[in-house]
Amino acid sequence: MNPVARTDPDARAEELHAARRPFVRAVVVRVERPTSAKPGDRALILPDGTIEGFVGGVCAESTVRLQALDLLESGESTLLRITPAAAETVKSHEGLTEVANPCLSGGTVEIFLEAVIPAPLLHVLGDTPVARALARIGAALDYDVRPTTEPDAPIAPDAAAVVAASHGRAEEAVLAAALRAGVPYVGLVASRRRGPAVVAALDASESDKARLHTPAGLDIGAAGPAEIALSILAEIIESRPRHRAAKDTPRKDTPRAATDPVCGMSVAVSAASLHLEHAGTTWYFCNPTCRQSFAEEPGRFLA
């Protein structure tokens, strides 16, 4: 665990935010004893399942981890209520997720889980009226706008869009690099006559060239730099995935959860979850007791 996280979760959250790393902020808001957590306890959950801080014992952590990883996919937040029961059930209401965790020693804990996803990153090449308008309006739309005039400026691996608005200055290298990097939206501010000539000269595959938007922006009859910038941002929004997931969360074709073979709980499939290799299979557990029981008599539970 990062030592900052143990003493100052707010500082750790700022560190993650500055590094554009997604995370879930967890805060205990209510408890019914007996429970080891108390209101005000806090933790951060990272995309690899690591929990930095304290919001309850290992059984509660197992549920928090699984729910937090789901929130990183959806970008949503929820109030999580964890309560003991004979068998696991999950009930979802608007703004509330209730999970029955049979491994709890007793009590109920309610934790607010807030997904903190980095703002979409927009690289803008140029120091022109349109480029400046893109930076101004993009910031108002909560984009992380990175303006530059350098053709060799690095493109962030999680960039959502790259727009060249430099009126022909050093744009080909930036556009080609963005296309090769697989940036979801790549746009060129140019006339309908000049745009195709730039595309033809790009050092990129034909399939990549076909992804370049030029002239950039939706055809809304824009006049003036501000309206042109607005049309480009509208096209970026229109072309983005409907449900944006954090870049470093597990791929959607990777199993999200596994079943604890001892107690039947759903457990997050992550490096931070308790697990054990047996007969070529990785088994996941909600707490050390379940893992130890399985290690001693795996045949009993696999039967």
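Relevant structure appears above.
So, how was this worked out
Residues numbered from 1 in each chain as written. Predicted model: local features only at pLDDT ≥ 70, side-chain atom pairs only at ≥ 80, totals over all residues. Heavy atoms only, no water. Helix = DSSP H or I, 4+ residues; strand = E, 2+ residues; numbered from the N terminus. Rg over C-alpha atoms; globule rule 2.2 N^0.38 Å. Buried < 20%, exposed > 50% of the residue type's maximum accessible area, 1.4 Å probe, protein only. Contact = heavy atoms within 4.5 Å. Areas by Shrake-Rupley, 256 points an atom, 1.4 Å probe, with all protein chains shown as cover. Lys, Arg positive; Asp, Glu negative; His and termini not counted. Charge placed at Lys NZ, Arg CZ, Asp CG, Glu CD. Axes fitted to C-alpha atoms, helices over the stretch in contact; angles between N-to-C directions. Parallel < 35°, antiparallel > 145°, perpendicular 65-115°, else oblique. Left-handed = near helix turned anticlockwise from the far one by under 90°. Nonpolar A, V, L, I, M, F, W, Y, C, P; charged D, E, K, R; others polar. Salt bridge = Lys/Arg side-chain N within 4 Å of Asp/Glu carboxyl O. Pairing = 2+ DSSP bridges. Disulfide = S-S within 2.5 Å. Arc of directions from axis to C-beta. Phe/Tyr/Trp six-rings, centres within 6.5 Å; stacked < 30°, edge-to-face > 60°. Core = buried A, V, L, I, M, F, W, Y, C linked by side-chain atoms within 4.5 Å.

1. Some thoughts on the overall build of the protein chain
Right, on to step 1. When helices and strands are counted, the protein chain shows 10 helices and 16 strands.
Right, on to step 2. The C-alpha atoms of the protein chain give 24 Å as radius of gyration, which overshoots the globular expectation for 303 residues (19 Å, by more than 25%).
Right, on to step 3. Reported as C-alpha extents along the three principal axes, the dimensions of the protein chain are approximately 70 × 40 × 35 Å.
Right, on to step 4. Residues counted as buried form 43% of the 303 residues belonging to the protein chain.
Right, on to step 5. Of the contacts formed within the protein chain by residues at least 6 apart in sequence, a portion of 57% connects residues at least 24 apart.
Right, on to step 6. For the protein chain, the exposed surface amounts to about 15,000 Å²; the carbon and sulfur share of it is 53%.
Right, on to step 7. Computing the positive centroid from 31 side-chain charges and the negative centroid from 38, the protein chain places the two 2 Å apart.

2. So, the packing of helix α4 (residues 129-140) against helix α8 (residues 225-239)
Right, on to step 1. As a packed pair, α4 and α8 sit with axes 8 Å apart at the nearest point and diverge in direction by 60°. The angle between α4 and α8 falls in the class oblique. α4 and α8 meet at a crossing whose hand is right-handed. Contact residues: P129, V130, A133, L134, R136, I137 and G138 in α4; P225, A226, I228, A229, L230, I232 and L233 in α8.
Right, on to step 2. Here the contact of α4 with α8 is built from residues that sort into 12 nonpolar, 1 polar and 1 charged.

3. Points about the pattern of salt bridges
Right, on to step 1. Under the definition given, this model contains 18 salt bridges.
Right, on to step 2. One continuous salt-bridge network, built from bridges that share partners, spans R30, E32, R81, E98 and E110.

4. Things to note about the sheet that holds strand β9 (residues 144-148)
Right, on to step 1. Across the sheet, which stays open at both edges, the 5 strands sit in the order β9-β8-β10-β11-β12 with parallel pairing between neighbours. The sheet is open, and its two edges are formed by β9 and β12 (212-213), each paired on a single side.
Right, on to step 2. Bridging between strand β10 (residues 159-164) and strand β11 (residues 185-188) involves 4 bridges; their strand directions are parallel. Note that in β11 the partner of V163 across the bridge is G187.
Right, on to step 3. With respect to the sheet, helix α5 (residues 171-180) is in contact with β8 (121-125), β10, β11 and β12, its orientation differing from that of β11 by roughly 160°.

5. Quick word on the pairing of strand β6 (residues 96-100)
Right, on to step 1. With 4 of 5 residues buried, β6 lies mostly within the body of the structure.
Right, on to step 2. The sheet contact formed by strand β4 (residues 77-83) and β6 spans 5 bridges and is parallel. Bridge assignment links T83 to a residue of β6, and that residue is A100.

6. Thoughts on the state of the cysteines
Right, on to step 1. Under the definition given, this model contains 0 disulfides.
Right, on to step 2. Not engaged in a disulfide, the cysteine C290 finds its nearest cysteine sulfur in C263; these two sulfurs lie 4.0 Å apart.

7. What about helix α6 (residues 194-201)?
Right, on to step 1. Within α6, burial applies to G195, V198 and V199. Projected down its long axis, α6 shows its buried positions confined to an angular sector of 100°, all on one face.
Right, on to step 2. Those residues of α6 that are buried are in contact with α5, β11, α7 (206-209) and β12.

8. Looking at the packing of aromatic side chains
Right, on to step 1. All chains considered together, the criterion is met by 3 aromatic pairs.
Right, on to step 2. One aromatic cluster in this structure is built from W283, F285, F294 and F301.

9. Notes on the environment of P196
Right, on to step 1. Checked against the element boundaries, P196 lands in helix α6.
Right, on to step 2. Classification of P196 as partly exposed rests on a relative accessible area of 48%.
Right, on to step 3. A C-alpha to C-alpha distance of 16 Å links P196 and V174, two positions 22 residues apart in sequence.

10. A closer look at the nonpolar core
Right, on to step 1. In terms of nonpolar packing, the biggest core is built from 36 residues, with V24, V64, I82, I111 and L113 touching the most fellow members.
Right, on to step 2. Elements with a minimum of two residues in this core: β1 (23-32), β2 (42-45), α3 (58-74), β4, β7 (108-116), β14 (266-268), β16 (281-285) and α9 (288-296).
Right, on to step 3. If you tally residues by element for this core, the top one is α3, at 8 residues.
Right, on to step 4. Beyond its immediate sequence surroundings of up to four residues, I111 is in contact with A26, V27, V28, V29, V55, V64, T78, L79, L80 and I82.

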